[in-house]
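Chain by chain, the residues run as shown.
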Amino acid sequence: MKKERVIKITDMQSTANGDDGIEITTMGHFIGNENDYTLSFDENLGDGLKSSTLISVKGQKTASITRTGDICTEITVEPGKRHSCRYSTPYGDMLIGVYAQNVFSSVSRKGGLLEMNYTIDCNGSLIAKKQMIIKVSDALH
């Protein structure tokens, strides 16, 4: 059953140029149960760019993030494994490597937390260390 939820995303990264982060809160949907679920939501990325995002979690340990729209991304975050993933922008496409250190999920139908820690590389060179924290809670009425 699809349940409307408040989804708060805190996305932090460390690069050679320093630390940076972004935080957004949006309405979205939860489908599934605590072991296998999908979060879906729309994003306004600024500069008129928009996307729709699906985050699927399997077995509370593997997450895949699929973004469609003006910026397209398909990444898999699985602890201890490196995945080659696609990242597309209006300016071009690139293949990136994603290596996860941790995926933790306490999300259920009632809400909860999803945390992912991973690195992104391109051509074998480290681009960023990432931490994404997603808080899911009841929709406000």
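Look up: the structure comes first, before these words.
These numbers come from a predicted model, not from an experiment. Per chain, the residues get numbers from 1 upward, laid out in the order the sequence is written. Two thresholds apply to this predicted model, a pLDDT of at least 70 for residue-level local features and 80 or more for giving and counting side-chain atom pairs, whereas whole-chain, interface and lining totals are computed over all residues. Side-chain numbers here rest on the full set of heavy atoms in the structure, without hydrogens or water.

Caption draft 1: Spatial organisation of the environment of Asp20. Tracing the sequence through the fold places Asp20 in strand 2 (residues 18-32). The spacing of Asp20 and Lys130 is 110 residues in sequence and 9.8 Å in space, taken between C-alpha atoms. Here a strand is any run of E in DSSP of at least two residues, a helix any run of H or I of at least four, and the numbering for each starts at the N terminus.

Caption draft 2: Here's a closer look at the layout of surface pockets. Approximately 890 Å³ is the volume found for the largest pocket. For the largest pocket, the lining is made up of 29 residues, of which Asp11, Gln13, Arg67, Tyr87 and Lys130 are closest to its centre. The pocket and cavity definitions rest on a 1 Å grid over protein atoms only: a 1.4 Å probe that fits but cannot leave marks a cavity, an open set with protein on both sides within 12 Å along at least five of seven lines marks a pocket, and residues lining either have an atom within 4 Å of a point. Grid points are joined across faces, edges and corners, and a volume is the space filled by probe spheres set on the points.

Caption draft 3: Seen up close, the sheet that holds strand 6 (residues 72-77). Spatial ordering of the closed barrel is given by 1-2-3-4-5-6-7-8-9-10, a layout of ten strands whose pairing is antiparallel. Adjacent strand axes in the sheet meet at a mean angle of 25°, parallel and antiparallel pairs treated alike. Sheet topology places strand 7 (residues 82-89) next to strand 8 (residues 92-105); eight bridges connect them, and they run antiparallel. Note that in strand 8 the partner of His83 across the bridge is Val98. A strand pair is defined by DSSP finding two or more bridges across the two strands. Lines fitted to C-alpha atoms define the axes, with helix axes restricted to the stretch in contact, and inter-axis angles between N-to-C directions lie between 0 and 180 degrees.

Caption draft 4: Geometry of the pairing of strand 7. One ladder, built from three bridges, connects strand 6 with strand 7; its direction is antiparallel. Directly across from Glu74, in strand 7, lies its bridge partner Arg86. Turn length for the strand 6-strand 7 hairpin, with the two strands adjacent in sequence and antiparallel, is four residues, and the turn residue Gly80 shows positive phi of about 80°. What sits between the antiparallel neighbours strand 7 and strand 8 is a turn of two residues.

Caption draft 5: The nonpolar core, seen in detail. Judged by nonpolar contacts, the single largest core of 25 residues is most densely connected at Val77, Leu114, Met116, Tyr118 and Ile134. Of all the secondary-structure elements, those providing two or more residues to this core are strand 1 (3-15), strand 3 (36-46), strand 4 (49-58), strand 5 (62-69), strand 6, strand 8, strand 9 (112-122) and strand 10 (125-138). The contact criterion used throughout is that any non-hydrogen atoms of two residues lie within 4.5 Å. Among all residues touching Leu114, those that are not within four sequence positions of it are Tyr37, Ile55, Val57, Val103, Phe104, Ser105, Val107, Met132, Ile133 and Ile134. Residues grouped as a nonpolar core are buried Ala, Val, Leu, Ile, Met, Phe, Trp, Tyr and Cys residues, joined through side-chain atoms within 4.5 Å. For every residue, the accessible area (1.4 Å probe, protein chains only) is compared with the maximum for its type, and the residue is labelled buried under 20%, exposed over 50%, or partly exposed between those bounds.

Caption draft 6: Looking closely at the pattern of salt bridges. The term salt bridge refers to a side-chain nitrogen of Lys or Arg lying within 4 Å of a carboxyl oxygen of Asp or Glu. Under the counting rule described, the total for this entry stands at seven salt bridges. The salt bridge involving Glu23 is made with Lys8; its shortest N-O contact spans 3.7 Å. Within this pair, whereas Glu23 is found in strand 2, its partner Lys8 is found in strand 1, the two being separated by 15 residues in sequence. With a relative accessible area of 32%, Lys8 lands in the partly exposed category. Measuring nitrogen to oxygen at the nearest pair gives 3.2 Å for the salt bridge that ties Lys130 to Asp11.

Caption draft 7: Structural context of unusual backbone geometry. Phi angles above zero are rare outside glycine, and Asn123 is one such case at about 55°. Among the structural elements, Asn123 can be located in the loop between strand 9 and strand 10. We classify Asn123 as exposed; its relative accessible area is 75%.

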